[in-house]
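Residues per chain are reported as follows:
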Amino acid sequence: MTREPESKVHPPMPLRITAYPFTLQKSDASPWENEDAYACPGLSSKSPAQKPAFPRTATPRPRRIAVSDGVSNAWHSGAWSKALVWQFIRPGSPALDAFPAWLAEVQASWAKKPVDLSRTPGFLREKVFRGAFATLLGVELDEDSDHGTVYRALAVGDSCLFHLRSGRLLGSFPLTTVEAFGSAPMTLPSAARFSTNVLPHVATTGGDLAPGDRLLLATDALACHLLARAAADPDWWFPMEARLKDAAALRAYVTDARATRRLADDDITALLLCFDAE
C-alpha cells in the first residue's frame, strides 16, 4: 500500500476517528486463555483478554494502535503479545524508527520477570528456555501538512492491515493472498538470542487517509478468512463492515463461520478504524 500520485491526494482535512475493537477466544477456551492482544489509546487499559468485546469508542485521533497474536504452544505467549502491543503504543516508543533497539528494550524488560524453575515440570522447562513468541502489527497515525492524515505501519508475521475506501480494498499488508498464510509465520521472540533471524523480516508500509477510509487490523485466522471472502466477492466488505461495528453480530458471524469450517477455530482479533470528516 503506497501513497497515491499527487494528483489524486485528497485535500488535507481533520478526520474524526472511531475505533471498533473485538477479540474472541477459541470456541473451547475461556476469555483468559485468549493469546491475542490489542491496544488502542482511548480504550480501557485493562487486559484485552479480560473483555472479549468492547463497544465502539470515539477517540481524539489515536496516535498508535497495535494487535498481536501469541503462539499457542509457546511459554506465556498471551502475556508476551500484551507486552508487545502496550509497549508499541506507549508515548515516545521508537518502534517504527529504531525497531531493533525497541525490541531489545522490550525483551530486557520481559527478562526481569522472575521464573521459578523449581516449580516448573521438567517437560515444560524447554519451553521456558525458548520463551514466548508472537506476531505484531502496529500502526501510527499522524497529521501531515501536505497529505492530511497519514499512517505508517510495521508488521512481523501474519497479522494483517486492510485499507478500505468506498467499500473496496485498496491493499492488504503484509500478506495479500490466502496462499501466503502458512503454519509457521515469522514471530517476535521474548528471548533476545532468537532475534537475529527475525529482524530482516520486519515489513513496513504507509499511506494517506481520506474521509470515509477504513483501516482494519486483524490477526491471522480472521485475516485469511477476509482475503478469501473478498477474492470471491469484492463487494463483500460493505456487509462485513456493518458486522465489525456490532460486537454481537460479529460474534454470531464468527460462530457460524467456525461451525461451517470457513474460519479456523483460533483466537481472533479485529480492530476497525473509521476515518470520517469532522
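Calculation notes
Residues numbered from 1 in each chain as written. Predicted model: local features only at pLDDT ≥ 70, side-chain atom pairs only at ≥ 80, totals over all residues. Heavy atoms only, no water. Helix = DSSP H or I, 4+ residues; strand = E, 2+ residues; numbered from the N terminus. Buried < 20%, exposed > 50% of the residue type's maximum accessible area, 1.4 Å probe, protein only. Phe/Tyr/Trp six-rings, centres within 6.5 Å; stacked < 30°, edge-to-face > 60°. Arc of directions from axis to C-beta. Salt bridge = Lys/Arg side-chain N within 4 Å of Asp/Glu carboxyl O. Core = buried A, V, L, I, M, F, W, Y, C linked by side-chain atoms within 4.5 Å. Contact = heavy atoms within 4.5 Å. Axes fitted to C-alpha atoms, helices over the stretch in contact; angles between N-to-C directions. Nonpolar A, V, L, I, M, F, W, Y, C, P; charged D, E, K, R; others polar.

(A) Focus on the environment of Asn73. Following the sequence through the fold, Asn73 ends up in the loop between β4 (64-69) and α1 (77-89). Given the relative accessible area of 55%, Asn73 is considered exposed. Once the C-alpha coordinates of Asn73 and Phe133 are considered, the two residues, 60 residues apart in sequence, prove to be 9.2 Å apart.

(B) Representation of the packing of aromatic side chains. In the structure shown here, the tally under the stated rule is six aromatic pairs. On the numbers, 5.2 Å between centres and 70 degrees between planes, the contact of Trp80 with Trp110 is edge-to-face. Of this pair, Trp80 sits in helix α1 while Trp110 is found in helix α2 (residues 99-111), placing the two residues 30 residues apart along the sequence. We classify Trp80 as buried; its relative accessible area is 0%.

(C) Broad picture of helix α5 (residues 237-244). All buried positions along α5 are accounted for by Trp237, Met240, Glu241 and Leu244. Projection of α5 onto a plane perpendicular to its axis shows the buried side chains occupying an angular sector of 105 degrees, all on one side.

(D) Looking closely at the pattern of salt bridges. Counted by the stated rule, this structure contains 16 salt bridges. Residue Glu241 pairs with Arg214 through a salt bridge whose shortest N-O separation is 2.9 Å. On the criterion of sequence distance, the pair formed by Glu241 in helix α5 and Arg214 in strand β12 (residues 214-218) is long-range, its members being 27 residues apart. In this structure, Glu241 and Arg214 share a single accessibility class: buried.

(E) Quick peek at unusual backbone geometry. The step from Phe173 to Pro174 runs through a cis peptide bond, and the omega angle for that step is 0 degrees. With respect to the secondary-structure elements, Pro174 resides in the loop between β9 (168-173) and β10 (188-189). Notably, Ser166 is not glycine yet its phi reads approximately 55 degrees, a positive angle. Looking at the element boundaries, Ser166 is found in the loop between β8 (160-165) and β9.

(F) View of the nonpolar core. Ranked by internal contacts, the top residues of the largest apolar core, which has 29 residues, are Phe162, Leu216, Leu226, Trp237, Met240, Leu244 and Ile268. Mapped by element, the contributors of at least two residues to this core are β1 (15-24), β8, β12, α4 (220-232), α5, α6 (247-259) and β13 (268-277). A total of six residues in this core trace back to one element, the largest contributor, which is α4. Setting aside chain neighbours within four positions, we find Leu216 in contact with Cys160, Leu161, Phe162, Leu226, Trp237, Leu244, Ala270, Leu271 and Leu272. Core analysis: the second largest hydrophobic core is formed by 22 residues, Ala39, Val85, Val106 and Leu188 among them.

(G) Summary view of the packing of α5 against α6. Orientation of α5 relative to α6, taken along the N-to-C sense of each, is 115 degrees, at an axis distance of 6 Å. Contacts between α5 and α6 involve Met240, Arg243 and Leu244 from the former and Ala249, Leu250 and Tyr253 from the latter. Of the residues contributing to the contact of α5 with α6, the split by class is five nonpolar, no polar and one charged.

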